[in-house]
Amino acid sequence: MKKVSVIVPFYKVEDYIAECAESLMAQTYADIEFVFVNDGSTDSSREKLEEVLSRHPGRDSRIIDKPNGGLPQARKTGVEACSGDYVLNVDSDDWLETDAVEKLVAAAEKENADVVYFYAWKEFADGRRRVITDRAYATPQEFADEIYAHNAHASVCLKFWRRALYEPEIFFPRFGIHEDMVQSVQLLDRASKAVLLPEPLYHYRRTNSGAMTKKSRRSRRKQSLRNYLDLYLFYKDSLDTSPIRRFWRKMLRKARWWGLVWDCSVFKEYPFL
């Protein structure tokens, strides 16, 4: 039986962590290690999680505490600590169908796939829901290119990864803006085969945060810009063989434009622009 690592970073999700954890403990697949990464949460999230885990002593679960550093770095901590054959990322305010892991392992093993991507339920605060779908891609590299072009879903949580794709180390960004895109394009480029499992196995909680202000939009653009430039720097000495070899030039052109529009200080911070 293949071992699966489920990685769940959490930070100030005391209203949701119990539902998430219960859905994980209820998984029908047996050989799972659950790695919860406490990203410096200051509310009661850890206590509520411990309460759920205490009711399931037979499950292989642990909590890793770290200072707050943001979602991407918390995911990195989880990847470094896990030992499974496959990795599934779950956000701590979301939840899974109880047979999700079982179905994902079966699909990966049947197809000898490095990546299995799947549908999700998008759950709205007012009770509405709809299915998030995707299409089948000819190759993982085509999938990566479509993600970079914003034509495909980037979420790392909607993909079941072979653990070996994380070696050698991928780049985990500093900021939690477009972090899924940064990670997914790297992992997909390393994959030999990606298959679609057209079933909604994941429940994505979409809270109504209201309209984004111009200030917050500028802040997000500035952080996203730095994530991409740091990604370029991570691979700059091996661009021709790197996971970003097909689009790094487009990425730099876009970064220059975004710098002019959103944050001219980026040209001092990254002189190569």
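Throughout this description, residue numbers start from 1 for each chain and increase along the sequence as written. Note on the predicted model: pLDDT of at least 70 is required for a residue's local features to be given, and 80 or more for side-chain atom pairs to be given and counted; whole-chain, interface and lining totals, by contrast, use all residues. As a rule here, side-chain values come from all non-hydrogen atoms in the structure, and water together with hydrogens is ignored.

A run of H or I in DSSP counts as a helix once it spans at least four residues, and a run of E counts as a strand once it spans at least two, with each numbered from the N terminus. Across its full length, the chain holds 9 helices and 9 strands. Computed over C-alpha atoms, the radius of gyration of the chain comes to 19 Å, within 12% of the 19 Å expected from 2.2 N^0.38 for 273 residues, which places it in the range of a compact globule. By its C-alpha atoms, the chain is 55 × 40 × 35 Å across when sized along the principal axes. A 1.4 Å probe rolled over the protein chains alone gives each residue an accessible area, and that area as a share of the maximum for its type sets the label: buried under 20%, exposed over 50%, partly exposed in between. Across the 273 residues of the chain, 49% fall into the buried class. By definition, residues are in contact when any of their heavy atoms lie within 4.5 Å. When contacts within the chain are restricted to residue pairs at least 6 apart in sequence, those whose partners lie at least 24 apart make up 78%. Looking at charge distribution, the chain has the averaged site of its 43 positive side-chain charges lying 8 Å from that of its 41 negative ones. Only the C-alpha atoms count toward the radius of gyration. The rule for a globule is 2.2 Å times the residue count to the power 0.38. A positive count includes Lys and Arg, and a negative count includes Asp and Glu. His and the chain ends are not counted in either. The atoms used to mark charge sites are NZ of Lys, CZ of Arg, CG of Asp and CD of Glu.

All right, on to unusual backbone geometry then. Cis geometry is adopted by the peptide bond preceding P168, which originates at E167 and carries an omega value of -5°. Mapped onto the elements of the fold, P168 is located in the loop between β8 (159-162) and α6 (179-190). The phi torsion at K12 lies on the positive side, around 50°, for a residue other than glycine. Here K12 shows up in the loop between β1 (4-10) and α1 (17-25). If you check the backbone angles, N112 has positive phi at about 50° while not being a glycine. Here N112 shows up in the loop between α4 (100-111) and β6 (115-124).

The next point concerns the pattern of salt bridges. Definition used for salt bridges: Asp or Glu carboxyl oxygen within 4 Å of a side-chain nitrogen of Lys or Arg. Tallied over the entire structure, the rule returns 28 salt bridges. Note that E50 and R46 form a salt bridge whose closest N and O atoms lie 2.1 Å from each other. Of this pair, E50 and R46 are both found in helix α2 (residues 45-54), 4 residues apart, which corresponds to roughly one turn of the helix. A relative accessible area of 36% places E50 in the partly exposed class. Across the pair K236 and D237 runs a salt bridge whose closest N-O atoms are separated by 3.2 Å.

What follows concerns the packing of helix α3 (residues 71-81) against α6. Between α3 and α6, the shortest axis-to-axis distance is 10 Å and the interhelical angle comes to 40°. By the angle class used here, α3 and α6 are oblique. As for how α3 packs across α6, the hand of that crossing is right-handed. In this structure, α3 uses L71, P72 and R75 to contact α6, whose residues at the interface are E179, D180 and Q183. Working convention: axes come from line fits to C-alpha atoms, limited for helices to the stretch in contact. Angles between N-to-C directions cover 0 to 180 degrees. By the definition adopted for this analysis, an angle is roughly parallel if under 35 degrees, roughly antiparallel if over 145, roughly perpendicular if from 65 to 115, and oblique otherwise. Take the far helix as your reference; a near helix turned counterclockwise from it by less than a right angle gives a left-handed crossing, and one turned clockwise gives a right-handed crossing.

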